[in-house]
Each structure stands twice: as structure tokens, then as C-alpha cells.
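# Residue-level structure breakdown
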Amino acid sequence: MIKKKYETEWNDCFRDEFEEWFFHERGYNPFISQDDFREYPDFKRPPEPPRIEFEFYTPNGEEHRVTFFNSKYFFIEDEENYEKIYKSITSKYKKIKYIVEDYNFEPCKWYESSFGKCKGVGYEELFVNLWTLMKIPTEELPTIVKKNCEEQAKFIQKIVHRYKYDMRKFPSKISAWQYMAHQEIAFPGPHHQYVYQLLPELGEETMKFRKNKNLYKEVSAVLDQESVEAWKRIGDKK
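Quick caveat: nothing in here was measured; it's all calculated off a predicted structure. Within each chain, residues carry numbers counting from 1 in the order of the written sequence. Thresholds applied to this predicted model are a pLDDT of at least 70 for local features of residues and 80 or more for the giving and counting of side-chain atom pairs; totals over whole chains, interfaces and linings are not thresholded and use all residues. Values reported for side chains reflect all heavy atoms of the structure, with hydrogen atoms and water molecules removed beforehand.

## Thoughts on helix 8 (residues 200-211)
To qualify as a helix, a DSSP run of H or I must reach at least 4 residues; to qualify as a strand, a run of E must reach at least 2; elements of each kind are numbered from the N terminus. Any helix carries an expected span of 1.5 Å times its number of residues minus one. Across its 12 residues, helix 8 extends 17 Å between first and last C-alpha, which sits within 8% of the 16 Å expected from 1.5 Å per residue. In this scheme, a residue with accessible area under 20% of its type's maximum is buried, one over 50% is exposed, and one in between is partly exposed, where area comes from a 1.4 Å probe on protein chains only. Every buried residue of helix 8 is listed here: Leu202, Gly203, Glu205, Thr206 and Phe209.

Structure, rendered in C-alpha cells:
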């Protein structure tokens, strides 16, 4: 029996899906390089899928590389047995995959020994595995990871300064540091403990949310109301 060939194209959401994971995780996890990722198109000779690369650091401070490979979209939605046909497709490009290597293109020994393999499928597995590095205490952080924490702290301070500047025009009952602690729950964190040492105001507000489980809803309600009032004032001026 001759299998039917279907038209395909590379998943055009590849970059957007990756960015959603990458920017969130990089914003919290200092073991992920704070540099931007690199994106490469597909190569015809030899045939290779589009890929995205970025670096991370192991507990001893060594830099390693993660590469994600794009998947293909198969035009089979008009077929009667869509699910059955999809399961029968044996292409190695059905799913987004990743591989973790050193700069000699050898498997990352730390990742392989920690998780039993150096490759996998999808984004969640990789980023969840890298999140385990967040358990390493401040005194054991490699120098480069401490620097990444300091970069994160500087970025947070910029947001705080902007928030305080905006409060001149749109006063709020929520302080800048309380707002940042609230955002850590809205866009799940938390940061590494060293960041809270660098920003004690953030650490204090974060602890308030942890101790009072109702505080998040209370702050959210205030922010929502203030947002409605701000847009109303803007509309009234037009």
C-alpha cells in the first residue's frame, strides 16, 4: 500500500511560542543567559529544520547550549480520519524537539546525568528541568549567575522607577514594590533568593503575599478599578 503524501510547511508559530516561554523563564531564572537567543532558518543542503539556540549555565558555571528545532504542519484537516492519519505519519518533524550540548557539539554531561537524557520534546520539559537550578543557595551560585541576578535586579528597578513616574499622572493606592510582588504571582515566579537580597523592598512585599493568601485578590481588585478610572479620565479628555 502506497502512503499518500501531504503538503507540509514549517510551523509559523515557532518563534512566538518559543518567545513566550523564553522571556518568562529568562526573567526569573538567572541560570539562563540574559543574552538574546539566536534564530536560524531552514537549510536545504543538508536538509535541516529552522532552529533557535540560547545558552544556560550549569551549577559549576559552565556554559552550555540548548537548540530547539521547529516542527512541520501537515495539511490533513480536510481528511475524514484526521487523528488516525496524523498518528500514522512517521516524519521526525511532527513535534518540536530540543537538544542540550556543549560547544564541542557533545551532549551536556550535567543535563544528561541529572535528567537521564540530553534531548526531548516540546518547551515545558526543558524549562522545568532548568528551573531545578533555582534551588541552589546564594552562597553556591557561580559568579556569572550572580551577575545575571544583578542584571535582573537592575531591570526590576527600571520598572519600579517607571511605575513611580507614572504615579505622578495616575496616582495609585498600590506601591511600586507591592505592584512588582503582585506581578510575580500574575506571571508566576519567583526570583532567585539572591534577587530579594539585592532588592529587600521586593522581598518584604513578596513575603506579605505569601503570608496573606487573600492579598493578591485585594491588590488585583484595586489595580483593576484604578485601570478603569484611568481609561475613563483619558476618554473624558478627548
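Read on for the rest.
## Some remarks on the packing of helix 1 (residues 14-28) against helix 4 (residues 124-131)
Packed helices, taken two at a time, are described by the angle between their axes plus the distance between the axes. Structural elements are reduced to axes, namely lines fitted to C-alpha atoms, with helices fitted over the stretch in contact, and the angle between N-to-C directions of any two is expressed from 0 to 180 degrees. Following both chains from N to C, one finds helix 1 and helix 4 inclined at 5 degrees, their axes separated by 11 Å at the closest point. In terms of their interaxial angle, helix 1 and helix 4 are classed as roughly parallel. Residues Phe18, Trp21, Phe22, Glu25 and Tyr28 of helix 1 lie in contact with helix 4, whose contacting residues are Glu124, Phe127 and Trp131. Residue composition of the contact of helix 1 with helix 4, grouped by class: 6 nonpolar, no polar and 2 charged. When an angle is under 35 degrees it counts as roughly parallel; over 145 it counts as roughly antiparallel; between 65 and 115 it counts as roughly perpendicular; any other value is oblique. A contact between two residues is defined here by any heavy atoms of the two lying within 4.5 Å. Charged residues are taken to be Asp, Glu, Lys and Arg, nonpolar residues to be Ala, Val, Leu, Ile, Met, Phe, Trp, Tyr, Cys and Pro, and polar residues to be all remaining types, Gly included.

## As for the side chain of Thr67
On the secondary structure map, Thr67 appears in strand 4 (residues 63-69). A relative accessible area of 3% means that Thr67 is categorised as buried. For Thr67, the residues in contact, after removing those within four places along its chain, are Arg51, Ile52, Glu53, Lys97, Tyr98 and Ile99.

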